[in-house]
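# Chain and residue survey
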Amino acid sequence: MNRWLHAVLFFLFGFHHFEESFGRPNILVILSDDQRADHLRINGHPVLQTPNLDILAGEGMNFRNAFASSTACTPNRTCILTGQYERKHGVNFNSGSSLKEEAWQRTYPMLLKKAGYYVGYVGKNHTPIGKSGQGVGYQSGVMDSSFNYWYGNHNHSTFYPKNKFPIYRNARVNTQVEIFTEGALNFLSEQNGFTGASEFLKSRPLDKPFCLLVNLNVPHNKGTSTMRLLPKDPELYKSAYRDQIEDLPIPSTYLAEDEIKRPKLPGNVYNGQYIGSYNYVKNRADLRERMVRVCQTVEGVDRMVGSLLAKLKQDGVADNTVTFFTSDHGIQHGEHGLGGKVLLYEESLRVPMIVHDPRIPKVSRGGQSVELVLSIDLAPTILELAELPVDDEMQGMSLIPLMHEKSIDWRHDFFAENLFTGQNYPRIEAVREKELKYIRYFSRSHRIPYRKLLLSSIEGEPPIFEELYDLSKDPHEKKNLVVEKNYRMDLIRMRKRCQELVFQAKGSDSYPKTWPYTK
């Protein structure tokens, strides 16, 4: 649109009314990394300060039973983009695969772009996409060039991204969250009206709805372990929470390394050894230090949210912008003596999820849904908000009825999986209901190629170990009920249901749509 005409319309009708005339809302998606569901003040953390996210939840919908279907970065970030289970999209650290362009074009940001949205990406990408003369996956350049606005990096960003990625070197700040905040604010600003981190990038045009993806790499270890408390760091990252270190909660099921008498899982299932990144869980002092850094970086993310919301309000588009906040998955902080993620216990499965749609009547705002919702639900929700058809290969469900607190026959259980076989982890599948959870493990000695691995349990590979928990009585998953006679029928039912759900998760025979990829 002619910028002079826009200026006239802005003067006559005001920015807010002009933007609303498009009908479709703007979309803002903020994704943190390894942030557990309980690391929000509104979700019960006794020390952590997250006032902006608390307000967002208080004026939107806080999904208290939100989960990742795959509890590792690459697979679940791909689940979010595609609206598909990993079993279908076929991308993991060990998959040797890059999402094909035809599959990438069916992700929610690309479908929005095709429909006229101006799409932007800020921060960490951990999904290998495409194939070109430059290479496959992260080297292809396909994802970078797909967005109208790209201010991101592939793989881990670290706490000081300037040291690793040239794209950030014009930033006026030095720390990850603040660099990404600067890039996101630049996107939201009027074209060429902002200087700093991305002055060479064009900001969003004013005659299109926008979708902005902001992807953090905190409180992930690669962010928190690289903090150096440098003189120029914001004071938040040097001193906050250090005077409360003894008040930061230690999990009730925490076991230090020297306290483990009987491992949670048998040695033939999981040997209990994990990479050095998670060594902080081995003793209380290191765990408390990590908790300080987690709280500092999550509060940093909260401040980012506050800055972006203030910018939306300043520009008059807040009333037509739907904001999503979630994490790619959770993490174990020493529960049962375990560190890391991918194990399908509650600490790794659960994620925070807040959706704020200011267009919803006030009577339906500030709700807390206890329905079982998944990361794969974001894509269909966003497409429906944009008045677009949900792609028929997406497996999630639109959250819009729940956001409006409508009575609906929602899912009663869900399937979760771990297909990452690196770092000593076993292959795992699970079914979680509101009260019961069934987990089954497969042999680590079977070195199955990833594409065949997608079909192994469907074709009848037997599990080598099972767990059953009654979460209504045992929310911390202390007692395995597999051998309990009173739960025998539940076990039989859950075994059958797991087999049904893994088949459904695999979906169409034409998937996965991936290129072979060697890093």
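For the structure itself, consult the block above.
Note that the structure is predicted; figures quoted are calculated from it, not measured. Residues take numbers from 1 onward in each chain, read along the sequence in its written order. Note on the predicted model: pLDDT of at least 70 is required for a residue's local features to be given, and 80 or more for side-chain atom pairs to be given and counted; whole-chain, interface and lining totals, by contrast, use all residues. Neither water nor hydrogens contribute to the side-chain values; these are computed over all heavy atoms in the structure.

The next subject is the overall build of the chain. In this description a helix means any DSSP run of H or I spanning at least four residues, a strand means any run of E spanning at least two, and both kinds are numbered starting from the N terminus. When helices and strands are tallied, the chain shows 17 helices and 20 strands. Against the 2.2 N^0.38 benchmark of 24 Å for 519 residues, the chain shows a C-alpha radius of gyration of 22 Å, consistent with a compact globule. Considered along the principal axes of its C-alpha atoms, the chain spans approximately 75 × 55 × 55 Å. Residue contacts are counted whenever heavy atoms from the two residues lie within 4.5 Å of one another. Partitioning the contacts of the chain with sequence separation of at least 6, the portion at a separation of at least 24 is 73%. Per-residue accessibility takes into account occlusion by the displayed protein chains alone, with areas from the Shrake-Rupley method and a 1.4 Å probe. Accessible surface computed for the chain: about 20,300 Å², of which carbon and sulfur atoms make up 52%. Two residue types count as positive, namely Lys and Arg, and two as negative, namely Asp and Glu; His and chain ends fall outside the count. Every charge is mapped onto a representative atom, which is NZ of Lys, CZ of Arg, CG of Asp or CD of Glu. Charged side chains in the chain number 65 positive and 60 negative. The centres of these two groups are separated by 4 Å. Note that the radius of gyration is over C-alpha atoms, with the globule rule given as 2.2 Å times the number of residues to the power 0.38.

Let's shift gears to the nonpolar core. Working definition of a nonpolar core: buried Ala, Val, Leu, Ile, Met, Phe, Trp, Tyr and Cys residues. They are joined through side-chain atoms within 4.5 Å. Think of it in three bands: residues with accessible area under 20% of the maximum for their type are buried, residues over 50% are exposed, and the middle band is partly exposed, with areas taken using a 1.4 Å probe on protein chains only. Core analysis: the biggest nonpolar cluster contains 96 residues, and V214, L216 and L308 have the highest contact counts within it. Broken down by element, the residue count for this core peaks at 11 residues, all from helix α12 (residues 284-314). Those residues within four positions of V214 in sequence are excluded, and the remaining contacts are L28, V29, I30, L31, V122, A184, M304 and L308. Ranked by size, the runner-up nonpolar core spans 46 residues in total, among them I129, A379, I382 and W410.

Right, let's get into unusual backbone geometry. For the bond from V218 to P219, the omega torsion is 5°, close enough to zero to count as cis. Along the chain, P219 turns up in the loop between β9 (210-215) and α10 (221-224). The step from Y511 to P512 runs through a cis peptide bond, and the omega angle for that step is 10°. Note on placement: P512 falls in the loop between α17 (488-506) and β20 (514-516). For Y241, which is not glycine, the phi dihedral falls at a positive 70°. Locating Y241 in the fold gives a position in the loop between α11 (236-239) and α12. The backbone of Q423 shows a phi angle near 55°, a positive value even though the residue is not glycine.

Only when DSSP finds a minimum of two bridges between them are two strands counted as paired. With antiparallel pairing, the 4 strands of this open sheet are ordered in space as β16-β17-β18-β19. Two strands in the sheet have a free side with no partner beyond their single neighbour: β16 (413-418) and β19 (465-470). Across this sheet, the average inter-strand angle for adjacent strands is 15°, counted without regard to direction. As defined by bridge partners, strand β17 (residues 427-433) adjoins strand β18 (residues 436-442) across 6 bridges and the pair is classed as antiparallel. When the sheet's bridge partners are listed, I428 is paired in β18 with Y441. Here an axis means a line fitted to C-alpha atoms, over the contact stretch when the element is a helix, while the angle between two N-to-C directions is reported on a 0 to 180 degree scale. Running over the sheet, α17 touches β16, β17, β18 and β19 and is turned about 65° from β18.

An order of β8-β5-β9-β1-β10-β13-β2-β14 is seen for the 8 strands of this open sheet, with the pairing classed as mixed. Each end of this open sheet is capped by a strand with a single partner; those strands are β8 (149-154) and β14 (367-369). Averaged over all pairs of adjacent strands, the angle between strand axes in this sheet comes to 15°, irrespective of strand direction. Summarising the sheet, strand β2 (residues 61-63) and β14 pair through 3 bridges and their orientation is parallel. Bridging across to β14, M61 finds its partner in G367. Packing of helix α4 (residues 73-82) onto the sheet brings it into contact with β1 (26-32), β5 (118-125) and β9, and relative to β1 it is tilted by some 165°. Contacts from α12 reach β1, β9 and β10 (321-327) within the one sheet, and its direction differs from that of β1 by about 170°.

Turning our attention to α17. Take the residue count of a helix, subtract one, and multiply by 1.5 Å to get its expected span. Counted at 1.5 Å a residue, the expected span for α17 with its 19 residues is 27 Å, and the 28 Å between its end C-alpha atoms agrees. Residues L491, M494, C498, L501, V502, A505 and K506 constitute the buried set of α17. Down the axis of α17, the buried set is contained in an arc of 120°. They therefore lie on one face. Structural note: α17 exposes M489, K496 and F503 on the side pointing more than 90 degrees away from its buried face. If you follow the buried residues of α17, they end up packed against α5 (86-89), β16, β17, β18, α16 (450-456) and β19. G507, located one to two residues past α17, shows a positive phi value of around 65°. Our arc is simply the arc of the directions from the helix axis toward the C-beta atoms.

A few words on the packing of aromatic side chains. We call Phe, Tyr and Trp rings a pair once their centres come within 6.5 Å, taking the six-membered ring for Trp, and we label the pair stacked below 30 degrees between planes, edge-to-face above 60, and tilted otherwise. A complete count under the given rule lists 19 aromatic pairs for this structure. Taking the centre distance of 5.0 Å and the plane angle of 25° together, the rings of Y121 and W150 count as stacked. Here W150 lies in strand β8 and Y121 lies in strand β5, a separation of 29 residues in the sequence. Each member of the pair, Y121 together with W150, is buried. With a centroid separation of 6.3 Å and 50° between ring planes, the pair formed by F420 and Y425 is classed as tilted. Y425 gets classed as buried once you look at its relative accessible area, which sits at 2%. Note on criteria: charge over ring means Lys NZ or Arg CZ within 6 Å of the ring centre, with the direction from the centre no more than 35 degrees off the ring normal. In this structure, K100 packs its charged tip against the face of W515, placed 4.7 Å from the ring centre. Of note, R290 hangs over the ring of Y280, and the distance from its end group to the ring centre comes to 4.2 Å.

Once that is clear, we can look at the packing of helix α3 (residues 51-58) against α12. What describes two packed helices is the angle between their axes and the distance between those same axes. Interaxial distance between α3 and α12 falls to 7 Å at its minimum, and their mutual angle equals 60°. When the axes of α3 and α12 are compared, the pair comes out oblique. Residues P51, N52, L53 and L56 of α3 form the contact with α12, whose own contacting residues are D302, R303, V305, G306 and L309. Amino acid classes used here: Ala, Val, Leu, Ile, Met, Phe, Trp, Tyr, Cys and Pro are nonpolar; Asp, Glu, Lys and Arg are charged; the rest, including Gly, are polar. Tallied by class, the residues present in the contact of α3 with α12 amount to 5 nonpolar, 2 polar and 2 charged. For classification purposes, angles smaller than 35 degrees are called roughly parallel, those larger than 145 roughly antiparallel, those between 65 and 115 roughly perpendicular, and all remaining angles oblique.

Time to look at the environment of M397. Secondary-structure assignment places M397 in the loop between α14 (378-385) and α15 (400-403). Taking relative accessible area as the criterion, M397 reaches 27% and is therefore assigned partly exposed. Excluding anything up to four places from it in sequence, M397 contacts D377, P380, T381, W410 and R411.

The subject of this paragraph is the state of the cysteines. Disulfides are defined as pairs of cysteine sulfur atoms found within 2.5 Å of each other. Inspection of the entire model under this criterion finds 0 disulfides. The thiol sulfur of C498 is not disulfide-bonded, and the nearest other cysteine sulfur, from C79, lies at 16 Å.

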